[in-house]
Amino acid sequence: MTISSHSNLLGIAGLLPFLCLPVFSVLGAISYFEAISFFNQYSAIILSFLGGVIWFDGITNKKPIWQLYFAMLPSIIGWISLVILPPKIALIVLMVSFFCLLLIEWKLLVSESWYQRLRLRLTSVAMAGHLMMLYTLNY
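Residues numbered from 1 in each chain as written. Predicted model: local features only at pLDDT ≥ 70, side-chain atom pairs only at ≥ 80, totals over all residues. Heavy atoms only, no water.

(A) Layout of the packing of helix α5 (residues 73–83) against helix α6 (residues 87–108). Relative to each other, α5 and α6 sit at 170°, their axes nearing to 9 Å. Here α6 runs roughly antiparallel to α5, going by the angle between their axes. Crossing angle aside, the handedness with which α5 passes α6 is left-handed. Residues Pro74, Ile77, Gly78 and Ser81 of α5 form the contact with α6, whose participating residues are Ala90, Val93, Leu94, Ser97 and Leu101. (Axes fitted to C-alpha atoms, helices over the stretch in contact; angles between N-to-C directions. Helix = DSSP H or I, 4+ residues; strand = E, 2+ residues; numbered from the N terminus. Parallel < 35°, antiparallel > 145°, perpendicular 65-115°, else oblique. Left-handed = near helix turned anticlockwise from the far one by under 90°. Contact = heavy atoms within 4.5 Å.)

Written out as structure tokens, the structure reads:
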């Protein structure tokens, strides 16, 4: 298997919490409070992970130093979302952050076309999971 094949497999596996937690909440397998709490925690972790991609690109491709500082923003946004914001607002902030980070990656990163396609698919599904979680508020 190639690196892109492994990346696709791992990326798909990483989507499971984004898809399963809203479904578990609707089915009553876990409470909405638990579902949104676990969902937001996972979302913040993945957002932080993606900030590491920007950090790594900045180091390995000798980008301007501001990119290293910028790479810290996803972690800070994730943390603020978890400790300060109400869960519903945090969910929205995290979802918007995923979209913004995708756009920023397209502008900043030196990346293969397969990676850009993978990130688009993964971000789209992750954002759909956020929308599903928001939908469960009214379910």
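(B) Seen up close, the nonpolar core. Core analysis: the largest hydrophobic core is formed by 25 residues, its most contacted members being Phe18, Phe39, Ile54, Leu91 and Met133. Mapped onto this core, the elements with two or more residues apiece are α2 (16–27), α3 (32–60), α6 and α7 (113–136). No other element matches α3, which puts seven residues into this core. Every residue in contact with phenylalanine 39, bar those within four places of it in the chain, is listed here: Pro17, Phe18, Leu21, Pro22, Leu91, Gly129, His130 and Met133. (Core = buried A, V, L, I, M, F, W, Y, C linked by side-chain atoms within 4.5 Å. Buried < 20%, exposed > 50% of the residue type's maximum accessible area, 1.4 Å probe, protein only.)

(C) Just the pattern of salt bridges, in detail. Enumeration according to the criterion identifies two salt bridges in this entry. With a closest N to O distance of 2.8 Å, lysine 63 and aspartate 57 form a salt bridge. The partly exposed category is assigned to lysine 63, whose relative accessible area is 21%. Ionic pairing is found between glutamate 105 and arginine 119, a salt bridge with its closest N-O pair at 2.9 Å. Separated by 14 residues along the polypeptide, glutamate 105 in helix α6 and arginine 119 in helix α7 bring together distant segments of the chain. (Salt bridge = Lys/Arg side-chain N within 4 Å of Asp/Glu carboxyl O.)

(D) Inspection of α6 at higher detail. Here α6 contains 22 residues, and its C-alpha end-to-end distance of 30 Å stays within 8% of the 32 Å for a straight helix at 1.5 Å per residue. Along α6, the residues that are buried comprise Ala90, Leu91, Leu94, Met95, Ser97, Phe98, Leu101, Leu102, Glu105 and Leu108. Down the axis of α6, the buried side of the element spans an arc of 165°, and every buried residue falls inside it. Contacts made by the buried residues of α6 are with α2, α3, α4 (66–70), α5 and α7. (Expected span 1.5 Å × (residues − 1). Arc of directions from axis to C-beta.)

(E) Structural detail: the side chain of threonine 136. Here threonine 136 is to be found in helix α7. For threonine 136, a relative accessible area of 8% translates into the label buried. A polar contact is formed between the side chain of threonine 136 and the backbone oxygen of methionine 133, at a distance of 2.5 Å. If near-sequence neighbours (up to four positions away) are discounted, threonine 136 is found in contact with Pro22, Ser25, Val26 and Tyr32. (Polar contact = N/O pair within 3.5 Å; in protein donor to acceptor, adjacent residues only side chain to side chain.)

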